[in-house]
Number of protein chains: 2
Amino acid sequence: MLDHLDDLHADLDAWLRIPSISADPAHAPDVADSAAWLADALRRTGFPTVEIWPTPGAPAVFAEWPSSDADAPVALVYGHHDVQPVDPPELWVHPPFEPTRVDGPDGPELHARGAIDDKGNVAFHLLGMRAHLAATGRDTPSVTVKLLIEGEEESGSPHFAALLEEKADRLACDVVVVSDTGMAAPDVPSAVTAMRGLADAEITLRGPAIDLHSGSFGGAVPNPLHALAQLLAKLHDDQGRVTLPGFYDKVRPLSDRERELMSRVPFDEQAWLAGPAASRATYGEAGFSTLERTGARPTAEVNGMWGGYTGPGHKTIIPAEAHAKVTFRLVADQRPEDVGPQLKAWVEANVPTGIEAEVRTPPGGVAPCASDLDSPAMDALLRAIGQAFDVDPADVLFTREGGSGPEADLVEVLGAPLLFLGVGLPTDRIHSPNERVLLPMLHRGAEAAAHLWRELGAMRPR
Amino acid sequence: MLDHLDDLHADLDAWLRIPSISADPAHAPDVADSAAWLADALRRTGFPTVEIWPTPGAPAVFAEWPSSDADAPVALVYGHHDVQPVDPPELWVHPPFEPTRVDGPDGPELHARGAIDDKGNVAFHLLGMRAHLAATGRDTPSVTVKLLIEGEEESGSPHFAALLEEKADRLACDVVVVSDTGMAAPDVPSAVTAMRGLADAEITLRGPAIDLHSGSFGGAVPNPLHALAQLLAKLHDDQGRVTLPGFYDKVRPLSDRERELMSRVPFDEQAWLAGPAASRATYGEAGFSTLERTGARPTAEVNGMWGGYTGPGHKTIIPAEAHAKVTFRLVADQRPEDVGPQLKAWVEANVPTGIEAEVRTPPGGVAPCASDLDSPAMDALLRAIGQAFDVDPADVLFTREGGSGPEADLVEVLGAPLLFLGVGLPTDRIHSPNERVLLPMLHRGAEAAAHLWRELGAMRPR
Ligand SMILES: [Zn+2]
Ligand SMILES: [Zn+2]
């Protein structure tokens, strides 16, 4: 179906040469160049409206191509044009901002920072739109297509929610198509159906008013480091479940259909342990598979812990304070704002005598988000992916993402349901040296987008 | 009994003006000056042999005054002429190295860094020796008196054991008199009978080979911070006892006599909590009082703990490593070298699947030390203190020190039993701003020393 593959490759090659690292202030001009390049590419593709939207940080790019059908639904594509830093540079086989073709076992690959996350996933929409128009013989798409491609995703999207609020009218849509995710394997087309949310907290335990000498006081007063160890040891029970009362109350259980589809996702646990997880064993909530644990179940993780003397040798103190940073991954329909009070009550109930606890839970957090598996839009997505990958739509598997960016903001501010269409692979080394994209996956992504606009155009959701 | 109190005061005033802070290299010349001052003072007192013994660090001072009685026992006084740093200087009411007389509720006080720890405790021996000779009408003391006053105690005595080994012949003695401790209260004369020892260890737990993203991996692989919390939470049982198998095997139980004498030591727990312990509650091994817990029972204390992200905000990682520094306070007859293997075996048995543990236990440590309560030397000490404080020797109470310096080295290298004669008070603020000595305690200390030489001279221990 696709013509103009060379255009896609040439476009991506040019875009990937711009080191749009949003976390590094020295690269701010590059992030601006990246936005300008994308705006130009969207204009070349034919989008009648293309705007660069400044923020207090890096600029976003907005584009709109209205359908000539008056009652056509509106789809908003979300992606980002900034990229991760490249540390450590010495581990890159090819320079990260000199895109390099490599012939791999699954076909030609393109190696560069951002090759899939997220420039590749955005770029396939340029070709997808042209293919859609060519295949349907239309001058305008079957749905009104908007794109919002932000420039700060790899820095935590600090200004994204405000931008959504400010531009809510322009961004109004019937469905959001998130293009920042992946599929299970080159021959296993799949759709992400959910992303976990996040709540974070910092726990401080205070014992003596000052660091005490353990010779004089050791064994006779409470040590906040002991108290912290005892507290955090209770954060999970022996089934690996989080012990905060109420924590699981709003968790939407996995449906049998979803568990069945997730169980068909090929997953080699030993290869996963030896590779990306770099771990000696799996661990987690009893009764769930590793993919279910990382995608469909909430967790509590201690991300940092400190207190007392941490330098060379020893210093025999009972420290005044002990600290821990804890984050919670949340699944639908948990609410990040519920976790703070749950944690505070739990700490209060479990802190030992003589220790004073403070729990700080910054406002915000990230809500979990999930697609509606039984919606017409999901049917359209599955049909589009099925056609692009030559499989029955019923054989398109479901996967879940363990973390998330600002996707939940899109749902909350715009009030539209989410679909996920991204063509990354677990082996693409996103955020790591030697990031790559498998070019055949990009081509399939463009085809899927072309089909998706047609399929969605056949819906009349309002 | 005492003449020449003014000499003692003048001497101490001069010595305390020398800021002999051994921990600060900038004060190395002052530590050397302090040694020279003491050597001169000992010569003025009449010691026929006075030598400054250099070490790779700060110099020690050795003095010897042989008894003319051929079979007189030999006593070695241990103390130190270096002092703690003065931080924070702004909390000192009087400049730390300008000794200042203050009239307090218990009599005149002298405020200065080192006023009691340990220049005061050493200085009273100058007057004590003169008083001893005057009282007995002798030209030489009733026992051969040696002094070894080191210059690095506040820096951990790094060269002390080697000095003892090198000079073992010169230091040969029948009893060591440690003058670096205190008594229960001005009107409660007491003798220290034991000091706790120390063993230290560092525990490292390793999980993933690299820090992992908790979105992608959280809930599915072991987190070394969780493992560390679970491990350290098991270090004590619910009775506050250390759980290492074998840890208590060699602990010498408290005798009924010692418990009874310790229980008579005045101790206001609420005042202690509000004051030096600066804590909200007591905590410790069930079945023991606070004084027993800090003096007579071994403990394990986590002194430091760290791992993962500890900066501002949050970073959602499962860290590769978690660390803890742990020290154990030991009592007679535990051995510091036993603790490492006990800890290693315990960690090995308690570390969860998927976590690799490393336990580092540096060689050395500090052996606990204790006086023999039933020895003739202890009887001599109790009689000497009783006479100096006008109480029956049977009313001299026993106390224990929770920590120790190099006292055990004296026992181990010189093979001599320990006595403790020091006149510090719990309220003297050693190691803190506004350190002071109560001058009447110094006078009593000099008297007790004078009596002690006579009492020991009446013994023939070999
Ligand atoms: Zn991304
Ligand atoms: Zn001292």
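Residues numbered from 1 in each chain as written. Chains lettered and ligands numbered in written order. Predicted model: local features only at pLDDT ≥ 70, side-chain atom pairs only at ≥ 80, totals over all residues. Heavy atoms only, no water.

Before going further, it helps to examine the coordination of the zinc ion (ligand 2). In an ideal tetrahedron of four donors about a metal, each angle is 109.5 degrees. In an ideal octahedron of six donors, the angles are 90 or 180 degrees. Residues and elements named next belong to chain B. Ligation of the zinc ion (ligand 2) by protein atoms is provided by His80 (NE2), Asp117 (OD), Asp180 (OD) and Asp180 (OD), these donors lying 1.8 to 2.7 Å from the ion. The sequence pattern formed by the donor residues of the zinc ion (ligand 2) is H-x36-D-x62-D. One end of the pair, His80, is in strand β3 (residues 74-80); the other, Asp117, is in the loop between β5 (107-111) and α3 (119-136), with 37 residues separating them in the sequence. (Donors = N, O, S within 2.8 Å, 3.2 Å for Na, K, Ca; no water. Helix = DSSP H or I, 4+ residues; strand = E, 2+ residues; numbered from the N terminus.)

With antiparallel pairing, the 8 strands of this open sheet are ordered in space as β14(A)-β9(A)-β13(A)-β11(A)-β11(B)-β13(B)-β9(B)-β14(B). This sheet does not close on itself; its edge strands, each paired only once, are β14 (356-360) of chain A together with β14 (356-360) of chain B. On average, adjacent strands in this sheet sit at an angle of 25° to one another, irrespective of strand direction. Those strands touched by helix α7 (residues 224-233) of chain A are β9 (197-206), β11 (299-308) and β13 (321-330) of chain A together with β11 (299-308) of chain B, and its axis lies near 65° from that of β11 of chain B. Here helix α11 (residues 336-350) of chain B sits on the sheet in contact with β9 (197-206), β13 (321-330) and β14 of chain B, set at roughly 25° to β9 of chain B. (Pairing = 2+ DSSP bridges. Axes fitted to C-alpha atoms, helices over the stretch in contact; angles between N-to-C directions. Contact = heavy atoms within 4.5 Å.)

A separate point is the confidence of the model for chain A. The share of residues in chain A with pLDDT of 70 or more is 99%, and the mean pLDDT across the chain is 94. Model confidence for the complex: the whole-complex pTM is 0.87, and ipTM, which rates the interface, is 0.87. (pLDDT = per-residue confidence, 0-100.)

It is worth spelling out the side chain of Glu258 of chain B at this point. Residues and elements named next belong to chain B. For Glu258, the location among the structural elements is in helix α8 (residues 256-263). Its relative accessible area of 5% is what places Glu258 among the buried residues. Within polar-contact distance, the side chain of Glu258 engages the side chain of Thr193 at 3.0 Å. In contact with Glu258, not counting residues within four places along its chain, are Thr193, Leu373, Phe398 and Arg400. (Buried < 20%, exposed > 50% of the residue type's maximum accessible area, 1.4 Å probe, protein only. Polar contact = N/O pair within 3.5 Å; in protein donor to acceptor, adjacent residues only side chain to side chain.)

Let us now look at helix α1 (residues 5-16) of chain B. All names here are of chain B. Along its 12 residues, α1 runs 16 Å from first to last C-alpha, staying within 8% of the 16 Å computed at 1.5 Å per residue. Restricting attention to buried positions, one finds in α1 the residues Leu8, His9, Asp11, Leu12, Trp15 and Leu16. For α1, the buried positions fall inside an angular range of 165° around the axis, keeping them on one side. Those residues of α1 that are buried lie in contact with α2 (28-45), β4 (100-104), β5, α3 and α14 (439-457). (Expected span 1.5 Å × (residues − 1). Arc of directions from axis to C-beta.)

All names here are of chain A. The zinc ion (ligand 1) binds to the protein through His80 (NE2), Asp117 (OD), Asp180 (OD) and Asp180 (OD); the donor distances cover 1.8 to 2.7 Å. For the zinc ion (ligand 1), the 4 donor atoms are set out with angles of 51 to 146° between them, so the coordination reads as irregular. Sequence spacing among the residues donating to the zinc ion (ligand 1) works out to H-x36-D-x62-D. Remark: Asp180 occurs in the loop between β7 (175-178) and β8 (190-195) and Asp117 occurs in the loop between β5 (107-111) and α3 (119-136); sequence separation between them is 63 residues. Exposure remark for Asp180: the relative accessible area of 15% places this residue in the buried category. (Tetrahedral: all angles 85-135°; square planar, octahedral: opposite > 155°, others 65-115°.)

You can overlay chain A on chain B at an RMSD of 0.0 Å; the transform is a turn of 180° with a shift of 0.0 Å along its axis. The operation mapping one copy onto its partner corresponds to a two-fold rotation axis. Interface residue correspondence from chain A to chain B reaches 100%, placing this contact among same-surface, isologous pairings. (Least-squares fit on C-alpha atoms with pLDDT ≥ 70 in both.)

Here the focus is the packing of aromatic side chains. What the rule picks out here adds up to 16 aromatic pairs over all chains. Centre to centre, the rings of Phe247 of chain A and Phe328 of chain A are 5.8 Å apart; their planes meet at 55°, and the pair counts as tilted. A residue pair is termed long-range when its members are at least 10 positions apart, and Phe247 of chain A in the loop between α7 and α8 (256-263) and Phe328 of chain A in strand β13 qualify at 81 residues. Overall, the relative accessible area of 1% leaves Phe328 of chain A in the buried class. Taken together, the aromatic side chains of Phe217 of chain A together with Phe267 and Trp272 of chain B make up a single cluster linked through ring pairs. Directly above the aromatic system of Tyr248 of chain A lies the positively charged group of Arg241 of chain A, at a separation of 4.1 Å from the ring centroid. (Phe/Tyr/Trp six-rings, centres within 6.5 Å; stacked < 30°, edge-to-face > 60°. Lys NZ or Arg CZ within 6 Å of the ring centre and 35° of its normal.)

A few words now on the sheet that holds β3 of chain B. Backbone-to-backbone hydrogen bonds pair the strands of a sheet. The strands run either parallel or antiparallel. Residue and element names in this part refer to chain B. Here 6 strands make up an open sheet; going across it, the order is β1-β2-β6-β3-β7-β17 and the pairing mixed. One side of each edge strand has no neighbouring strand; the edge strands of this open sheet are β1 (49-53) and β17 (418-420). Between one strand and the next, the sheet's axes are offset by a mean angle of 20°, whatever the strand orientation. As paired strands, β1 and strand β2 (residues 60-65) are joined by 5 bridges and run antiparallel to one another. Across the sheet, residue Thr49 finds its bridge partner in β2, namely Glu64. In the packing of α3 onto the sheet, the strands contacted are β2, β3 and β6 (144-150), and the crossing angle to β3 comes to about 150°.

Moving on, we come to the domain arrangement of chain A. Residue and element names in this part refer to chain A. If you check the domain split of chain A, you get domain 1 (5-195 + 368-457) and domain 2 (197-245 + 298-360). The centre of domain 1, based on its C-alpha atoms, is set 40 Å off from the matching centre of domain 2. Listed per partner, the contact involves 7 residues of domain 1 and 8 residues of domain 2. Here domain 1 packs against domain 2, burying approximately 490 Å² in sum over the two surfaces, 53% of which is carbon and sulfur. Taken as a group, Pro368, Gly402 and Glu412 account for 68% of the area that domain 1 buries against domain 2, more than any other trio of residues on that side. In this structure, the connection of domain 1 to domain 2 is made through 1 salt bridge. Across the salt bridge formed by Arg335 and Glu412, the nearest N and O atoms sit 3.2 Å from each other. Inspection of the domain 1/domain 2 interface yields 1 residue pair in polar contact (both at pLDDT 80 or more). (Domains from an automatic or database assignment. Buried area = accessible area lost by both parts, 1.4 Å probe. Salt bridge = Lys/Arg side-chain N within 4 Å of Asp/Glu carboxyl O.)

So, about the packing of helix α2 (residues 28-45) of chain A against α3 of chain A. Residues and elements named next belong to chain A. Here α2 crosses α3 at 15°, and the two axes come no closer than 10 Å. Put simply, α2 runs roughly parallel to α3. The hand of the α2/α3 crossing is right-handed. Residues Ser34, Leu38, Ala41, Leu42 and Thr45 of α2 form the contact with α3, whose own contacting residues are Lys119, Val122, Leu126, Met129 and Arg130. Among the residues making up the contact of α2 with α3, the classes are represented as 6 nonpolar, 2 polar and 2 charged. (Parallel < 35°, antiparallel > 145°, perpendicular 65-115°, else oblique. Left-handed = near helix turned anticlockwise from the far one by under 90°. Nonpolar A, V, L, I, M, F, W, Y, C, P; charged D, E, K, R; others polar.)

Now for the interface of chain A and chain B. Each side of the interface is counted separately: chain A has 71 residues, and chain B has 71 residues. Across the chain A to chain B interface the summed buried area is about 5,300 Å²; carbon plus sulfur atoms make up 56%. Where chain A packs against chain B, one counts 2 salt bridges. Here Glu356 of chain A makes a salt bridge to Arg280 of chain B, at a shortest N to O gap of 3.5 Å. On the surface where chain A and chain B come into contact, there are 38 residue pairs in polar contact (both at pLDDT 80 or more). When residues in the side of chain A that touches chain B are grouped by element, the largest group, 10 residues, is from β11 of chain A. Its residues assigned to classes, the side of chain A that touches chain B shows 29 nonpolar, 31 polar and 11 charged. Where β11 of chain A lies against β11 of chain B, 5 bridges are found, and the strand directions are antiparallel. The partner of Trp306 of chain A across the bridge, within β11 of chain B, is Trp306 of chain B.

Another aspect to go through is the pattern of salt bridges. All names here are of chain A. Scanning the entire structure with this criterion turns up 58 salt bridges over all chains. Across the pair Asp11 and Arg44 runs a salt bridge whose closest N-O atoms are separated by 3.3 Å. One end of the pair, Asp11, is in helix α1 (residues 5-16); the other, Arg44, is in helix α2, with 33 residues separating them in the sequence. Residue Arg44 is classed as partly exposed on the basis of its relative accessible area of 45%. Residue Glu202 pairs with Arg360 through a salt bridge whose shortest N-O separation is 3.3 Å. In this pair, Glu202 sits in strand β9 while Arg360 sits in strand β14, placing the two residues 158 residues apart along the sequence. Each of Glu202, Arg206, Glu321, Lys325, Glu358 and Arg360 takes part in one network of salt bridges that share partners.

Residue and element names in this part refer to chain A. Within α7, 9 of the 10 residues are buried, leaving the element largely enclosed by the surrounding structure. Where α7 is concerned, the buried positions are Pro224, Leu225, His226, Ala227, Leu228, Ala229, Leu231, Leu232 and Ala233. Residue Asn223 occupies the N-cap position of α7, its side-chain oxygen lying 2.8 Å from the main-chain nitrogen of Leu225.

Residue and element names in this part refer to chain B. One can find Asn121 in helix α3. Assessed through its relative accessible area of 2%, Asn121 is described here as buried. A polar contact of 3.2 Å, which involves the side chain of Asn121, links it to the side chain of Asp118. Among the polar contacts made by the side chain of Asn121, one reaches the main-chain carbonyl oxygen of Thr181 at a distance of 3.4 Å.

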